[in-house]
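Given next are the chains, with one letter for each unit.
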Amino acid sequence: MMPEIRENNIPAVTLNNGVQIPQLGFGVFQVPQEETQRIVEDALETGYRHIDTAAAYRNEAGVGAAIAASGIPREDIFVTTKLRNGEQGTAHAAFQNSRTALGLDYVDLYLIHWPVPSQGLFTEAWKTMEKLYASREIRAIGVSNFLPDHLDTLLKASDVVPAVNQIEIHPTFQQQDLAVKSRSLGIAVEAYSPLGQGGDLGAAAVQSLASRYGATPAQIVLAWHLAQGTIVIPKSSNLARMRENLGATALTLTSAEMAEITALDSGARVGADPAVAAHSQL
Ligand code: A2P
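Residues numbered from 1 in each chain as written. Predicted model: local features only at pLDDT ≥ 70, side-chain atom pairs only at ≥ 80, totals over all residues. Heavy atoms only, no water.

Draft legend 1. Layout of the pattern of salt bridges. In total, this model carries 11 salt bridges according to the counting rule given. Between Glu35 and Arg38 there is a salt bridge, with its nearest N and O atoms 3.9 Å apart. With Glu35 and Arg38 both in helix H1 (residues 33-46), this residue pair falls 3 residues apart, about one helical turn. For Arg38, a relative accessible area of 41% puts it in the partly exposed group. (Salt bridge = Lys/Arg side-chain N within 4 Å of Asp/Glu carboxyl O. Helix = DSSP H or I, 4+ residues; strand = E, 2+ residues; numbered from the N terminus. Buried < 20%, exposed > 50% of the residue type's maximum accessible area, 1.4 Å probe, protein only.)

Here's what the structure looks like:
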């Protein structure tokens, strides 16, 4: 049977400061500005209560407009945005711009988007974020695309341990060592491109599990993430697929089935390599 969506059936993950984040959220990477409000309104209507955007996606205003139009109480929606690489030296102003674009008094989670080690600024950005966190303009602060050595550098120089490390994870690119290290430090692991931008859905193991369960390949992959405690933010611009992805919360794979998907790791990224990625427009 295709998993059914039940009201409020999205599990929550408790972050290292006690803040709760819905484990299955909705990502808006690559959602065009002019479509963002409609798509996020659809996602909220479908039942998503966690929206993941970034200043670099240039669609924060659409996210904010959708939240305002939804009539859903602010405290019932978890909103993440991210600091652009080119603004690590001016994080305070960058954050205020994001908050204004979103039209929100506070942001639930603010992430350093990429470490950009060549810039040498992420520790300085983090110190600014610690102040914003202390002033309660942000409920939790975290990082994205941080590799083990970036985490080590940050932790040596900071007071607040990141709540989250948002990294590329999907069946063919799992970064297990990084996930284990993040978790051992108390940092929750969040998977971006959880479906491999759609590319992992055709894998034979995923397809055969989907037929076994009468589920879809995306539901199988998302259920595999959820069973590991990973926070996921699949993107879809299509209402039926948004709904389908939420249905993954109703699926439980056996440990042998989990292992079939885990065996798909091939070490092939679909995104940029954080050790060298330095795009300043991001
Ligand atoms: P679409 O927006 O047309 O639904 P990721 O979150 O890993 O980046 O994957 C996003 C990509 O996967 C998008 O191209 C999206 O296309 C596609 N996608 C999202 N959900 C599903 C689904 N349930 N079935 C098939 N493709 C999906």
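Draft legend 2. Representation of the layout of surface pockets within the structure. In this structure, the largest pocket occupies an estimated 630 Å³ of space. Lining the largest pocket we find 35 residues, and of these Phe29, Gln30, Ser193, Gln197 and Lys235 sit closest to its centre. Looking at the lining of the largest pocket, the elements that each hand over two or more residues are helix H8 (217-227) and helix H9 (239-246). The element that contributes the greatest number of residues to the lining of the largest pocket is H9, accounting for 3 residues. A per-class count over the lining of the largest pocket returns 15 nonpolar, 15 polar and 5 charged. (1 Å grid on protein atoms, 1.4 Å probe; cavity = no way out; pocket = protein on both sides within 12 Å on 5 of 7 lines; lining within 4 Å. Points joined across faces, edges and corners; volume = space filled by probe spheres on them. Nonpolar A, V, L, I, M, F, W, Y, C, P; charged D, E, K, R; others polar.)

Draft legend 3. Representation of the sheet that holds strand S7 (residues 138-144) in the model. An order of S3-S4-S5-S6-S7-S8-S9-S10 is seen for the 8 strands of this open sheet, with the pairing classed as parallel. For this open sheet the edge positions go to strand S3 (26-27) and strand S10 (231-232), each flanked by a neighbour on one side alone. Sheet analysis places strand S8 (residues 164-168) next to strand S9 (residues 188-192), joined by 5 bridges and oriented parallel. Residue pairing in the sheet places Val164 in a bridge with Ala188 of S9. (Pairing = 2+ DSSP bridges.)

Draft legend 4. Spotlight on the packing of H1 against H9. The geometry of H1 relative to H9 is characterised by a closest axis approach of 10 Å and an angle of 40° between their N-to-C directions. Compared by their axis directions, H1 and H9 come out oblique. Crossing handedness for the pair H1 and H9: right-handed. Contacts from Ile39, Asp42, Ala43 and Thr46 in H1 reach Leu239, Met242, Arg243 and Leu246 in H9. Residue composition of the contact of H1 with H9, grouped by class: 5 nonpolar, 1 polar and 2 charged. (Axes fitted to C-alpha atoms, helices over the stretch in contact; angles between N-to-C directions. Parallel < 35°, antiparallel > 145°, perpendicular 65-115°, else oblique. Left-handed = near helix turned anticlockwise from the far one by under 90°. Contact = heavy atoms within 4.5 Å.)

Draft legend 5. Region of the structure containing the site of the ligand. Taken together, 15 residues form the shell around the ligand, and within it Leu195, Ser236, Ser237, Arg241 and Asn245 come nearest. Between the ligand and the protein, one listed contact pairs an oxygen atom with a backbone N or O atom of Gln197 at 2.9 Å. Between the ligand and the protein, one listed contact pairs an oxygen atom with a side-chain N or O atom of Lys235 at 2.9 Å. Judged by the proximity of its atoms to the pocket grid, the ligand belongs to the largest pocket. Broken down by element, the shell around the ligand gets its largest block of residues, 3 residues, from H9. A per-class count over the shell around the ligand returns 5 nonpolar, 7 polar and 3 charged. (Near = heavy atom within 4 Å. Polar contact = N/O pair within 3.5 Å; in protein donor to acceptor, adjacent residues only side chain to side chain. Sits in = over half its atoms within 2 Å of the grid points.)

Draft legend 6. Broad picture of the nonpolar core. In terms of nonpolar packing, the biggest core is built from 68 residues, with Phe26, Val28, Ile51, Ile112 and Ile220 touching the most fellow members. Per element, the largest residue contribution to this core is 7 residues, and it comes from H8. Ala140, Ala163, Val164 and Ile231 belong to the second largest nonpolar core, which has 12 residues in total. (Core = buried A, V, L, I, M, F, W, Y, C linked by side-chain atoms within 4.5 Å.)

Draft legend 7. Looking closely at the packing of aromatic side chains. The full count for this structure, using the stated rule, is 4 aromatic pairs. Between Phe122 and Phe146, the aromatic rings sit 4.9 Å apart at their centres with planes inclined by 65°, giving edge-to-face as the arrangement. One end of the pair, Phe122, is in helix H4 (residues 122-134); the other, Phe146, is in the loop between S7 and helix H5 (148-156), and 24 residues separate them in sequence. Judged on exposure class, the residue Phe122 and its partner Phe146 are both buried. Across the ring face of Tyr106, the terminal group of Arg74 is positioned such that the distance to the ring centre comes to 4.0 Å. (Phe/Tyr/Trp six-rings, centres within 6.5 Å; stacked < 30°, edge-to-face > 60°. Lys NZ or Arg CZ within 6 Å of the ring centre and 35° of its normal.)

Draft legend 8. Here's a closer look at the pairing of S7. The buried fraction of S7 is high, at 6 of 7 residues. Direction of pairing for strand S6 (residues 107-112) relative to S7: parallel, over a ladder of 5 bridges. Bridge pairing links Leu111 to Gly142 in S7. One crossover worth recording links S6 to the parallel S7 by way of H4, and it is right-handed. With 2 bridges joining them, S7 and S8 adopt parallel strand pairing. Each residue of the ladder has a partner; that of Ser144, found in S8, is Gln166. Handedness of the crossover joining S7 and S8 through H5: right-handed. (Right-handed = clockwise from strand over helix to strand, strands pointing away.)

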